[in-house]
Amino acid sequence: MAAFVDRVTVHVAAGNGGHGVSSVHREKYKPLGGPDGGNGGDGGDVVLEVDPSVHTLLDFHHRPHQKAGNGRPGEGSNRHGARGEDRVLRVPAGTVVSTPDGREMADLVGAGTRVVLARGGKGGLGNAALANARRKAPGFALLGEPGEAFDAVIELKSVADVGLVGFPSAGKSSLISAMSAARPKIADYPFTTLVPNLGVIRSGDVVYTMADVPGLIPGASTGKGLGLQFLRHVERCAVLVHVVDMATMEPGRDPETDIEALEHELAEYGGDELDLVGRLRIAVLNKIDVPDARELVDLVRGSLEKRGLAVYPVSAATGEGLSEFGYALAAAVDAHRASLPPMEAVRVTLTPRAVDDSGFTVERDPEDPDGFVVRGVRPERWVRQTDFNNDEAVGFLADRLNRLGVEEKLAKAGAHEGDAVTVGDVTFDWMPTLPAGTLTVEESAGLGGRGTDSRIDAPHRVRAEERLAAKRARRVPYELSESGWTDADIPADIPADDPSDDPVDDPAGAADDPT
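Scoring rules and cut-offs
Residues numbered from 1 in each chain as written. Predicted model: local features only at pLDDT ≥ 70, side-chain atom pairs only at ≥ 80, totals over all residues. Heavy atoms only, no water. Salt bridge = Lys/Arg side-chain N within 4 Å of Asp/Glu carboxyl O. Helix = DSSP H or I, 4+ residues; strand = E, 2+ residues; numbered from the N terminus. Buried < 20%, exposed > 50% of the residue type's maximum accessible area, 1.4 Å probe, protein only. Pairing = 2+ DSSP bridges. Axes fitted to C-alpha atoms, helices over the stretch in contact; angles between N-to-C directions. Parallel < 35°, antiparallel > 145°, perpendicular 65-115°, else oblique. Contact = heavy atoms within 4.5 Å. Nonpolar A, V, L, I, M, F, W, Y, C, P; charged D, E, K, R; others polar. pLDDT = per-residue confidence, 0-100. Core = buried A, V, L, I, M, F, W, Y, C linked by side-chain atoms within 4.5 Å.

A.B. asks: So what exactly am I meant to see when it comes to the pattern of salt bridges here?
C.D. replies: Two side chains bearing opposite charge may form a pair once their charged atoms approach each other closely. Counted under the stated rule, the structure contains 13 salt bridges. For R337, the salt bridge goes to D161, with nearest N and O atoms at 2.9 Å. Here D161 lies in the loop between strand 8 (149-156) and strand 9 (162-165) and R337 lies in helix 7 (residues 322-339), a separation of 176 residues in the sequence. The class of R337 is partly exposed, set by a relative accessible area of 36%. In this structure, K287 and D245 form a salt bridge, with 3.4 Å as the shortest nitrogen-oxygen distance. Of this pair, K287 sits in the loop between strand 13 (280-286) and helix 6 (291-306) while D245 sits in strand 12 (residues 239-245); the two residues are 42 residues apart in sequence, bridging distant segments of the chain. K287 sits in the partly exposed class, given a relative accessible area of 25%. The network of salt bridges with common partners includes D45, R83 and D86.

A.B. asks: What exactly am I supposed to notice about the sheet that holds strand 5 (residues 95-98) here?
C.D. replies: Two strands in a sheet stick together by hydrogen bonds in their backbones, pointing the same way (parallel) or opposite ways (antiparallel). The strand order across the open sheet built from five strands is 3-1-8-5-6, with neighbouring strands paired in mixed fashion. With one partner strand each, in any of the chains shown, strand 3 (65-67) and strand 6 (104-108) form the two edges of the open sheet. When strand polarity is set aside, the average angle formed by the axes of neighbouring strands in this sheet is 25°.

A.B. asks: Can you help me understand the packing of helix 3 (residues 172-179) against helix 7 in this one?
C.D. replies: Each packed pair of helices is defined by two parameters, the angle between the axes and the distance between the axes. Here helix 3 crosses helix 7 at 90°, and the two axes come no closer than 11 Å. The orientation of helix 3 relative to helix 7 falls into the category roughly perpendicular. Between helix 3 and helix 7, the contacting residues are L175, A178 and M179 on the first element and L322, F325 and G326 on the second. Broken down by class, the residue content of the contact of helix 3 with helix 7 amounts to five nonpolar, one polar and no charged.

A.B. asks: I keep staring at unusual backbone geometry and nothing clicks. Help me out?
C.D. replies: For residues other than glycine, phi is negative in most cases, and the peptide bonds are mostly trans. Unlike most non-glycine residues, S77 shows phi in positive territory, near 60°. Turning to its location among the elements, S77 is positioned in the loop between strand 3 and strand 4 (87-91). Given a relative accessible area of 48%, S77 falls into the partly exposed group. A positive phi is found at N78, a non-glycine position, where the angle reads about 60°. The residue N78 is located in the loop between strand 3 and strand 4 in this model.

A.B. asks: Can you help me understand the confidence of the model for the protein chain in this one?
C.D. replies: For residues with low pLDDT, the predicted coordinates do not support detailed interpretation. When pLDDT is averaged along the protein chain, the result is 78, and 75% of the positions lie at 70 or above. Of all the helices and strands in the protein chain, helix 14 (residues 507-512) carries the lowest mean pLDDT, 42, while strand 3 carries the highest, 95. For residues 219-228, every residue scores under 50 in pLDDT, and the model assigns this stretch 21 contacts once sequence neighbours within four places are set aside.

A.B. asks: Any chance you could explain the sheet that holds strand 7 (residues 114-118) here in plain terms?
C.D. replies: Read from one edge of the open sheet, three strands run 4-2-7, paired in mixed fashion. Both outer strands of the open sheet, strand 4 and strand 7, are each paired with one neighbouring strand and no more. Within this sheet the neighbouring strands show an average axis-to-axis angle of 30°, counted without direction. Examined bridge by bridge, strand 2 (residues 46-50) and strand 7 share four bridges and lie antiparallel to one another. Each residue of the ladder has a partner; that of V47, found in strand 7, is V116.

A.B. asks: Looking at this structure, I do not really get the nonpolar core. What am I missing?
C.D. replies: The nonpolar side chains of a soluble globular protein tend to be buried, and buried together. The biggest cluster of nonpolar side chains holds 26 residues, and the ones touching the most others in it are V162, L175, Y208, M210, V241, F325 and L329. At the level of elements, strand 9, helix 3, strand 11 (206-212), strand 12, strand 13 and helix 7 are the ones that each hand at least two residues to this core. Ranked by residue count, the leading element in this core is helix 7, at seven residues. The residues touching V162, leaving out its near neighbours within four places in the chain, are Y208, T209, M210, A211, C237, V239, V241, L329 and V333. Ranked by size, the runner-up nonpolar core spans 20 residues in total, among them V46, V97, A152 and I154.

A.B. asks: Is there a simple way to think about the pairing of strand 1 (residues 7-13) in this case?
C.D. replies: The side chains of a regular strand alternate between both faces of the sheet. Across seven bridges, strand 1 lies against strand 8 in antiparallel orientation. When the sheet's bridge partners are listed, H11 is paired in strand 8 with D151. Across three bridges, strand 1 lies against strand 3 in parallel orientation. Considered in strand 3, the bridge of A13 is made with K67.

A.B. asks: How should I be thinking about the pairing of strand 9 in this particular structure?
C.D. replies: Covered by surrounding structure in strand 9 are V162 and L164 together with G163 and V165, the residues of both alternating faces. Sheet topology places strand 9 next to strand 11; three bridges connect them, and they run parallel. The partner of G163 across the bridge, within strand 11, is A211.

A.B. asks: How should the environment of Q385 be read in this particular structure?
C.D. replies: Within the fold, Q385 resides in the loop between helix 8 (377-384) and helix 9 (391-404). Classification of Q385 by relative accessible area gives buried; the value is 5%. Along the primary structure Q385 and G144 are separated by 241 residues, whereas in three dimensions their C-alpha atoms are 5.9 Å apart. Every residue in contact with Q385, bar those within four places of it in the chain, is listed here: K122, G123, G124, L142, L143 and E145.

Have a look at this one:
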């Protein structure tokens, strides 16, 4: 049996992004080397590419799960993770990709045409990339995003200029074999052709392709026989040719009833959008090498011409009439190509974002009257990249959402403290924070903000006399200015130190001092 597959359902999964890493540089004589965590690599994409050497979707029938490579996680010493490997799927020309509910996603025509079907996840940032002037020692990193994953229906619609349609055993395979180098299977029983066959024909200066579509029977448009399975292959044909079996011995069949049945099935399948009946311009009266069939040609020619069909009596066995028939097809194909609009170069269209577009929306939760839902590319991505087991990472997320204006919009929408707010797949109780740019409680007390280390901020090494002065003044915690440790807060009732009593300046006194 011929191994031809023209419709498959494939589960595609792009690669996940690699996680960023939280790392601190450690080296001898450099105890405070700073953050050096690298970024994670992006996940690989699932890409469809038209390959002229591929003719069926058989590979996807046997391997319905296609996954791209994951991005590698970052490492210390500012080493970034590698990007995941793309998964390139080779498909024939004329492939249409759609969702299981019928929404078309891509239509691939032309060798080398590429489309990204599923995009890989973005890699997470390491703590080295998250460090800035106010957050010099981040103790967290961002997680990598998961790649896109879904089911896609891949369907093959043959790309041919001429389509041969007709009842089983009408001689369609014999015609394409006689006029081209194609060698389809030919036998004297119905439904010999189980797969569409393509042949390339040259008539004069015109080169065109011809498709041999499996036989159609009454009810094919509703799924009877093989019609519904292969009618999709006539959608792209510019000219349809009705091959009539003039030597059929089946009772109740004649050229008139065959054409009426065929036009009915094409109209039911294509409707007004495709207008397949309008492409049915030529009728080929095949097998005129049979004596009884030749006598029927003159009887049916007039009625077929009244239908607007050009009639060509031919014999695929002897080659009679094939040359005239080939030139007629070349003229019809040439006229169709001339009617097409000229090809234009693809224009790149840039659509700037609207001035009032904040990039996210805040809506009432339809399932919870007191809840709110935040939708937007950036907020949802930030939530996916947050490690909720790390308090500092959660605080960083809150700061980002605040700077984006999420809290402001929540307040305008009527949100109150403790209301449920959903961002992506995470629901949390809303706790309003300070406006962006204001000092936190820790910063106001001189303890530094989240992600900071006061030891890194020290402009120089603290001298012994400064430490002693701070101890005597009982200043806890110490405060640091740009010029060093200050004694601005020493109580007025504490007398100033006598330099002669300073154990640093008086080595002898230091020897007498038991401390």
